[in-house]
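Breakdown of the fold
If you want the building blocks of each chain, they are given just below.
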Amino acid sequence: MQEVTVESLEGLERRGGRVRLSANAGSLSIVFSNEVWERATSGAAFPVEPTPEELAELDEIRARLQRYATANSFRTVLQNVRCAGDASAPEYDLVLEPSGLLAATTGYLFAPLIGQELVDRVAVGLEEGGVEQAYLVGAVADDGALAAGGETLKTLSVRGRRCGASRFEMPPELWQVLSGGLGWRDVETIVHREE
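What comes next concerns the included structure.

About the thresholds
- Residues numbered from 1 in each chain as written.
- Predicted model: local features only at pLDDT ≥ 70, side-chain atom pairs only at ≥ 80, totals over all residues.
- Heavy atoms only, no water.
- Core = buried A, V, L, I, M, F, W, Y, C linked by side-chain atoms within 4.5 Å.
- Buried < 20%, exposed > 50% of the residue type's maximum accessible area, 1.4 Å probe, protein only.
- Contact = heavy atoms within 4.5 Å.
- Salt bridge = Lys/Arg side-chain N within 4 Å of Asp/Glu carboxyl O.
- Helix = DSSP H or I, 4+ residues; strand = E, 2+ residues; numbered from the N terminus.
- Pairing = 2+ DSSP bridges.

Grouped together as the largest cluster of nonpolar side chains are 24 residues, with contacts concentrated most on I61, Y108, L156, M170, L174 and L178. With residues near it in sequence (within four places) discarded, I61 still touches F110, V137, V158, L174, V177, L178, L182 and W184. In terms of nonpolar packing, the next biggest core, distinct from the first, is built from 22 residues, C83, A89, I114 and A145 among them.

As structure tokens, this is what we get:
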């Protein structure tokens, strides 16, 4: 058996029922049949735990969002607000309401991992009032959380830069923070699924 250490990956190309990986500055080429490639990658698990870089970006989004709201004289800038009256309900890290007509109050909850259970818990509190819409922002969010929610509850994931809303549907302050200092050019939009 021959063992080769892959130091760099230059490309992946699908053509004619085969998948070709180009590695080690082009000095190594590995060709798979589509069947073998699908079998090998179907069970591939990506790390669930967020990386330190993803956690740092999550913290940066929160800090920049709060600074943006303060600098732009938002009508409401609150921290650590309970989602609902129940003491076991999660808390929004920030509740922001821009000044001006037709401004929506948005609750932002930041967490390292966001799953369907957290979305469901926040949805209950959202129905009871307090904020008009909520964004759950995670370093990592699972597919179920990204696709759940509805019109007033969306999930955003730093990993993969994915969201349950397009950048055009996001509150302007959130997209300003993401696209401004953090350099996001777009988000992969995950479509809401009907229950």
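So that's the structure; there's more coming.
Now for the pattern of salt bridges. Per the stated rule, a full pass over the model turns up eight salt bridges. A salt bridge links E91 to R82; the shortest N-O distance between them is 3.2 Å. By relative accessible area, which is 32% here, E91 ends up partly exposed. In this structure R82 comes out as partly exposed when scored by relative accessible area, which is 35%. Note that D143 and R162 form a salt bridge whose closest N and O atoms lie 2.8 Å from each other. In this pair, D143 is assigned in helix α4 (residues 143-147) and R162 in strand β9 (residues 162-163), connecting sequence segments 19 residues apart. Take R162: its relative accessible area is 17%, and that puts it in the buried class. Three or more residues are tied together by salt bridges with common partners; here these are E60, R64 and R67.

Right, let's talk about the pairing of strand β8 (residues 153-157) for a bit. The element β8 is largely enclosed, with a buried count of five among its five residues. Neither face of β8 is left uncovered, since the one carrying L153, T155 and S157 and the one carrying K154 and L156 both have all their residues buried. Pairing geometry for strand β7 (residues 133-141) and β8, over five bridges, is parallel. Along β8, the bridge assignment pairs V137 with L156. Relative to β9, β8 is paired through two bridges, and the arrangement is antiparallel. Its bridge partner being in β9, L156 is matched across the sheet by C163. Turn length for the β8-β9 hairpin, with the two strands adjacent in sequence and antiparallel, is four residues, and the turn residue G160 shows positive phi of about 80 degrees.

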